[in-house]
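Residue-level structure breakdown
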Amino acid sequence: MAINVTKSFLPPIEEYQEIIKGIWENTWLTNNGPLVRKLEGQLKEFLNVENLLFVGNGTIAIQMALKALNLTGEIITTPFSYCATTTSILWENLQPVFVDIESKTFNINADLIEAAITEKTSAIIATHVYGRPCNIEKIESIAKKHNLKVIYDGAHGFGATYKGKSLLSFGDITTCSFHATKVFHSIEGGCIVSKENDLNKKLELYRSFGHKNDDYYTMGINGKNSEFHAAMGLCNLPKVADIINNRKIISEKYDALLNWEKLSRPTNNIEGFDYNYAYYPVLLASEAKLLQVIDALKKEDITPRRYFYPSLNQLPYLDSYNPCPISENIAQRALSLPLYYDLALEDVEQIVSIINANL
Ligand SMILES: *Cc1c(COP(=O)(O)O)cnc(C)c1O
C-alpha cells in the first residue's frame, strides 16, 4: 500500500455522527454555532490560553493578525516556512524582509534580526519550524527595544510546550493551522491566540465581516468556520495525546535506525521544550542525494516531501532578492519522512533500509 508523508487522522465514524446529529436538530450550520463555541472553550482549556478564536484556516489567521496589528512597511520574517507565511505578508501589501535561519533549529536566527531593522519595520513574523520553538526570549527583547509587534506562525506547534506553556501562547499573536495534515485537525481550520483582550475582540469582529447584526464597527472579512469542522475538532481533540504518543514511538524508531553518519537533523535539545513530533525531517548530504533517495522511495510507492522547498526568499513572485545562504542550502537538502498516527513500525524499517542504502 502507498505510504505518503502524512495521512489524516480520522476518528471512528460513529463518534463524528453522534456529534453532528445535533446539527440536524437545530439546523445551525455556521455563524458561531454551539459546536464552534464548545470547541473554542475546549481549546482554551487544553492550551491554557485566555483568548482564542477558531477560524477558517491557518492562512486567514495570519492575514487577520497582520491586519489587526495595523502593520505597515516592512515585516521581518523567516525564509524557511510554508509559502503561506510569506504570501500573507504580500497579500496585505506589506514588504517581507527575510532574515536567515539557524542551522541548528532551522528557525529564524534571532542574532541577525537587529541588522535587518529599518525605520519602516513594524513587526517580526517567525515560524516555529516543525514545532520547535524560535529563540522566543531574544525575539521578545528585540521587539521591545525597537517597538515591534511579534507574530508567530505556530502552524506546527499544537501540543508542543515551551517552559511549561503551550507553544501557541507567545508573541502578541500566535496563529495555528488545523488543516487535515497537521497533528490536530478539524479538516480545514485554524486559530488565533492573542495576548490582549482588545485585540481578541477586534479579531472576533474581523472574523465575521466587522459587524454584529445591524451595527457595523469595522471592515472585516469572512474568517469563520463551520459546525461540521468544529465537530471534527471536538472528535480529535481528546485523541491528541494518543496521536502525539504514537508519533513519538515512530520517530524514535527512525532515530534508532537511520544512518546518522550520513544524515543530520534539527536539534530537539532546546531547554524547556517538550515536542509534539509534528514532522520527521532529515537533512541529506546534497540535493543530488536527496533526489536519489526520493527516487528510490518512489519506486516502492513511498512519498516523502521536500518540506520546506523552495526557500521563501527565492519565490518567483518577489520583487527583490534577499540572499539567505543557510536557508537556501537547507531547503535543497531537507526531506520530511512519512509520519502519521498509524504508520506501522515495519514500514518505518522498510523506509529506513531504502534511505540508508542510498546515502
Ligand atoms: C499549514 C501551514 C500554514 C497554512 O495553514 P492552512 O490551514 O493550510 O491555511 C501556514 N504556515 C505553516 C508553517 C504551515 O505549515
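The rules we used
- Residues numbered from 1 in each chain as written.
- Predicted model: local features only at pLDDT ≥ 70, side-chain atom pairs only at ≥ 80, totals over all residues.
- Heavy atoms only, no water.
- Near = heavy atom within 4 Å.
- Polar contact = N/O pair within 3.5 Å; in protein donor to acceptor, adjacent residues only side chain to side chain.
- 1 Å grid on protein atoms, 1.4 Å probe; cavity = no way out; pocket = protein on both sides within 12 Å on 5 of 7 lines; lining within 4 Å.
- Sits in = over half its atoms within 2 Å of the grid points.
- Helix = DSSP H or I, 4+ residues; strand = E, 2+ residues; numbered from the N terminus.
- Contact = heavy atoms within 4.5 Å.
- Pairing = 2+ DSSP bridges.
- Axes fitted to C-alpha atoms, helices over the stretch in contact; angles between N-to-C directions.
- Core = buried A, V, L, I, M, F, W, Y, C linked by side-chain atoms within 4.5 Å.
- Buried < 20%, exposed > 50% of the residue type's maximum accessible area, 1.4 Å probe, protein only.
- Phe/Tyr/Trp six-rings, centres within 6.5 Å; stacked < 30°, edge-to-face > 60°.
- Parallel < 35°, antiparallel > 145°, perpendicular 65-115°, else oblique.
- Left-handed = near helix turned anticlockwise from the far one by under 90°.
- Nonpolar A, V, L, I, M, F, W, Y, C, P; charged D, E, K, R; others polar.
- Points joined across faces, edges and corners; volume = space filled by probe spheres on them.

Let us look at the site of the ligand. Residues in close proximity to the ligand total 16 residues, the closest being Gly58, Thr59, Asp153, Ser177 and Lys182. Take serine 177: an N or O atom from its side chain is 2.7 Å from an oxygen atom of the ligand. Residue lysine 182 places a side-chain N or O atom 2.9 Å away from an oxygen atom belonging to the ligand. Assessed atom by atom at 2 Å from the grid points, the ligand resides in the largest pocket. Those elements giving two or more residues to the shell around the ligand turn out to be α3 (58–68) and α4 (83–91).

On to the environment of asparagine 107. Position of asparagine 107 among the secondary structure elements: in the loop between β4 (95–98) and α5 (113–116). For the pair formed by asparagine 107 and valine 150, sequence separation is 43 residues and the distance between their alpha carbons is 15 Å. In contact with asparagine 107, not counting residues within four places along its chain, are Ile101, Glu102, Thr127, His128, Val129, Arg132, Pro133 and Cys134.

Before going further, it helps to spend a moment on the environment of aspartate 242. You can see aspartate 242 is positioned in helix α9 (residues 240–257). On a C-alpha basis, the gap between aspartate 242 and tyrosine 341 in space is 8.6 Å, while along the polypeptide they are 99 residues apart.

As a further point, take the sheet that holds strand β6 (residues 149–153). Within a sheet, each strand pairs with its neighbour through backbone hydrogen bonds, oriented either parallel or antiparallel. The strand order β2-β10-β9-β6-β5-β3-β4 describes an open sheet built from seven strands, whose pairing is mixed. Because the sheet does not close on itself, it has two edges, and the strands there are β2 (52–55) and β4. On average, each strand axis in the sheet is inclined to that of its neighbour by 20°, with strand direction left out of account. Here four bridges tie strand β3 (residues 74–77) to β4, and the two strands are oriented parallel to one another. Directly across from glutamate 74, in β4, lies its bridge partner glutamine 95.

As a further point, take the sheet that holds strand β7 (residues 161–162). Read from one edge of the open sheet, three strands run β8-β7-β13, paired in antiparallel fashion. Each having just a single partner strand, β8 (165–166) and β13 (273–274) make up the two edges of the open sheet. Both β7 and β13 contribute to a ladder of two bridges, which runs antiparallel. Looking at the pairing, tyrosine 162 lines up with phenylalanine 273 of β13.

Next up on the list: the nonpolar core. Core analysis: the largest hydrophobic core is formed by 66 residues, its most contacted members being Ile76, Phe80, Ile113, Tyr130, Ile139 and Phe158. Setting aside anything within four residues of it in sequence, one finds phenylalanine 80 in contact with Ile101, Phe106, Val129, Tyr130, Tyr307, Phe308, Ser327, Ile330, Ala331 and Ala334. In this structure, Ile250, Tyr280, Ile302 and Leu337 belong to the second largest nonpolar core, which totals 25 residues.

Scanning the model with the defined rule gives 19 aromatic pairs in all. Measuring from centroid to centroid gives 6.1 Å for tyrosine 130 and phenylalanine 308, while their planes differ by 0°, and the two rings are stacked. Taken as a pair, tyrosine 130 in the loop between β5 (121–127) and α6 (136–146) and phenylalanine 308 in the loop between β15 (302–303) and α11 (325–333) lie far apart in primary sequence, 178 residues in all. Judged by its relative accessible area of 0%, tyrosine 130 is buried. A centroid spacing of 4.7 Å and a plane angle of 25° characterise the contact between phenylalanine 158 and phenylalanine 184, whose relative ring orientation is stacked.

Another point: the packing of α3 against helix α7 (residues 197–207). As a packed pair, α3 and α7 sit with axes 10 Å apart at the nearest point and diverge in direction by 125°. The angle between α3 and α7 places the two elements in the oblique class. As for how α3 packs across α7, the hand of that crossing is right-handed. On α7, the residues that touch Met64, Ala65, Lys67 and Ala68 of α3 are Leu199, Lys202, Leu203, Tyr206 and Arg207. Residue classes in the contact of α3 with α7 are distributed as six nonpolar, no polar and three charged.

The subject of this paragraph is the layout of surface pockets. The volume enclosed by the largest pocket comes to roughly 410 Å³. Lining the largest pocket are 24 residues, with Tyr82, Ser177, His179, Lys182 and Tyr307 sitting closest to its centre. Examining the composition of the lining of the largest pocket, we find that three residues originate from one element, α3, more than from any other. Residues of the lining of the largest pocket, tallied by class, amount to eight nonpolar, twelve polar and four charged.

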